Amino acid sequence: MKKLFLLKCAFLALVALAFVCVKFPPRNMYDAYRYDTFNVFHWRDIRFTSAEPNKNFIKTSYILEHPDAFNAFIFGSSRVQYLPQEQLPKESGGKALRWYNMTSSRAIPAEHLQTLRTFLRHGVSIDMVILGFDDIAMYTPASSHKADLMRVPWQLIQENRLKYLLAYLSISTAPEIAAAVDGYNPDEHREESRLFYSYGGARTDLSLTQNPDARRYENNEHIGYSQTLVHKDIAEIAALCREHGIRLVLFTNPIYQSVYRNHAQEGYLDFLEKVAEECEFYNFSGLNAYTKDPRYYYEQFHYRPALGLVIEQMLFGTEAEQAEIRRQAGDGLFGAKINADNARSAIAALRRQLEPAPEAAD
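Predicted model, so just to flag it, every value in this text is computed and none were measured.

> Could you give me a rundown of the overall build of the protein chain, with the residues and numbers involved?
On a plain count of helices and strands, the protein chain comes out with 15 helices and 8 strands. Buried residues in the protein chain amount to 52% of all 362 residues. When contacts within the protein chain are restricted to residue pairs at least 6 apart in sequence, long-range pairs at least 24 apart make up 81% of them. Taken as a whole, the protein chain presents about 17,900 Å² of accessible surface, with 53% of it coming from carbon and sulfur.

Below, the structure is given as structure tokens:
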């Protein structure tokens, strides 16, 4: 009887192995592991190719392995990666700050909240947090990243590592990625690697876009407001920071005008008003000299470090610097604090910016 049972077990194991080999051919799995498109296996020494790494997983893993290396963090989507180090605060509450940029592609407040909780649970000391958010937060549900191998958060991978690895090892490697990895020379990317692990952000290039291609700044995207409770995630982040004595600075990204106009029509300003009712933030949304100028943007979605530096000067600079920026913006709402006390009037002013200019009288 025992021998028959063992034979049945062996047969079922062979059937399962055959199924796995058919569904996940070993050669394909080996290639997926070798080329590691999103750098999940190479998170300690990522390779820079045309495929963006899974930065949520890589950066979270890196910080947890080095819990004492940094005590100040920047959160946001890929738009916030262009905040340069130049004018970030050097200290807070008498403590020297060591900054790391935790931004990743289309990251949203619910994921930032998860990461902060993970850091605190694993003994990472946090003294200050900067969080930039915008329209991405209002239309990107957290569930959309569950099956996105480039964006799936560290926490979801930990919940079911086998399921994730099987999915990851089953993907086909794009020929250009395979070619880049086969010919990869680490020396050519030494500065990129140093900056990634020392700060987490992109190279600082404070120049403006020269001769912008107008086609790169057009936007006909109409998505709509889907995350009706995302303001609660931001409020939870604020509450968590208060509980742990963490200084929190919230701000909205300066969205380029073509994107801003579309999404303002579809709920973005309603979203900002809900956030303001929960917690105070610095507003860089609106129509002003910066958001109308394509030179400050790579394309319609990502602002350049030059505008990131302007944000930092408004957040942490001198009164003279802030006054000059407001003058250049031509908009008193650029960098202004919005909270429950002034939310209604501030949002109303943003709505008026969108109204067509009155026609000149004959």
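That shown, we press on.
> Any details on the pairing of strand 5 (residues 128–133)? Residues and values, ideally.
Among the 6 residues of strand 5, 6 are classified as buried, and the element is accordingly described as predominantly covered. Going residue by residue along strand 5, you find Met128, Ile130 and Gly132 tucked away on one face and Val129, Leu131 and Phe133 tucked away on the opposite face as well. Pairing of strand 1 (residues 72–75) with strand 5, which is carried by 4 bridges, proceeds in the parallel orientation. Counterpart to Phe73 in the pairing with strand 5 is Val129. Of the pairings in the sheet, the one linking strand 5 to strand 6 (residues 247–252) comprises 6 bridges and is parallel in character. Pairing of Met128 across the sheet is with Arg247, part of strand 6.

> Tell me about the layout of surface pockets, and please be specific about residues and values.
Counted as a void, the largest pocket has a volume near 430 Å³. Forming the walls of the largest pocket are 19 residues, and the residues nearest its centre are Phe48, Lys55, Gln81, Glu192 and Ala202. Take the lining of the largest pocket: its biggest share by element is 3 residues, from helix 9 (residues 190–198). Of the volumes computed, that of the second largest pocket is approximately 270 Å³. Lining the second largest pocket are Lys146, Ala147, Leu149, Val152, Leu156, Ile157, Glu159, Asn160, Lys163, Tyr164 and Ala167. The set of elements that each furnish at least two residues to the lining of the second largest pocket consists of helix 6 (154–159) and helix 7 (161–168). When grouped by side-chain class, the residues that make up the lining of the second largest pocket number 7 nonpolar, 1 polar and 3 charged.

> Requested: an account of the pattern of salt bridges, with residues and values cited.
Counted under the stated rule, the structure contains 16 salt bridges. For Lys232, the salt bridge is made with Glu278, and the minimal N-O distance between the two is 2.8 Å. In this pair, Lys232 sits in helix 10 (residues 230–243) while Glu278 sits in helix 12 (residues 268–278), placing the two residues 46 residues apart along the sequence. Arg295 is the salt-bridge partner of Asp293, the closest N and O atoms lying 2.8 Å from each other. Overall, Asp293 belongs to the buried group, its relative accessible area being 14%. Assessed through its relative accessible area of 38%, Arg295 is described here as partly exposed.

> Can you explain unusual backbone geometry? Please cite residues and give values.
One non-glycine residue, Asn39, adopts positive backbone phi at about 65°. As for its position among the elements, Asn39 is in the loop between helix 2 (26–35) and helix 3 (55–65). One non-glycine residue, Asn211, lies in positive phi territory at about 50°. Positionally, Asn211 belongs in the loop between helix 9 and helix 10. Judged by relative accessible area, Asn211 falls into the exposed class, the value being 75%.

How each quantity is defined
- All residue numbers here refer to positions counted from 1 along the written sequence of the relevant chain.
- The predicted origin of the model limits local features to residues at a pLDDT of at least 70 and limits the giving and counting of side-chain atom pairs to 80 or more, whereas totals for whole chains, interfaces and linings rest on all residues.
- The side-chain values count all of the structure's non-hydrogen atoms but skip hydrogen atoms and water molecules.
- In this description a helix means any DSSP run of H or I spanning at least four residues, a strand means any run of E spanning at least two, and both kinds are numbered starting from the N terminus.
- Only protein chains enter the accessibility calculation, which uses a 1.4 Å probe; a residue is then buried when its area is under 20% of its type maximum, exposed when over 50%, and partly exposed in between.
- Contact definition: two residues touch when any of their heavy atoms are within 4.5 Å.
- The Shrake-Rupley method, run with a 1.4 Å probe sphere, supplies the accessible areas, and residue values consider only the shown protein chains as cover.
- Being paired, for any two strands, means DSSP has found at least two bridges between them.
- Buried and open spaces are told apart on a 1 Å grid over the protein atoms alone, a cavity being a set of points where a 1.4 Å probe fits but cannot get out and a pocket being an open set with protein on both sides within 12 Å along at least five of seven lines. Residues with an atom within 4 Å of a point are the lining residues.
- Grid points are joined across faces, edges and corners, and a volume is the space filled by probe spheres set on the points.
- Throughout this entry, Asp, Glu, Lys and Arg are counted as charged residues, while Ala, Val, Leu, Ile, Met, Phe, Trp, Tyr, Cys and Pro are counted as nonpolar. The remaining residues, Gly among them, count as polar.
- One speaks of a salt bridge when a side-chain nitrogen belonging to Lys or Arg is within 4 Å of a carboxyl oxygen belonging to Asp or Glu.

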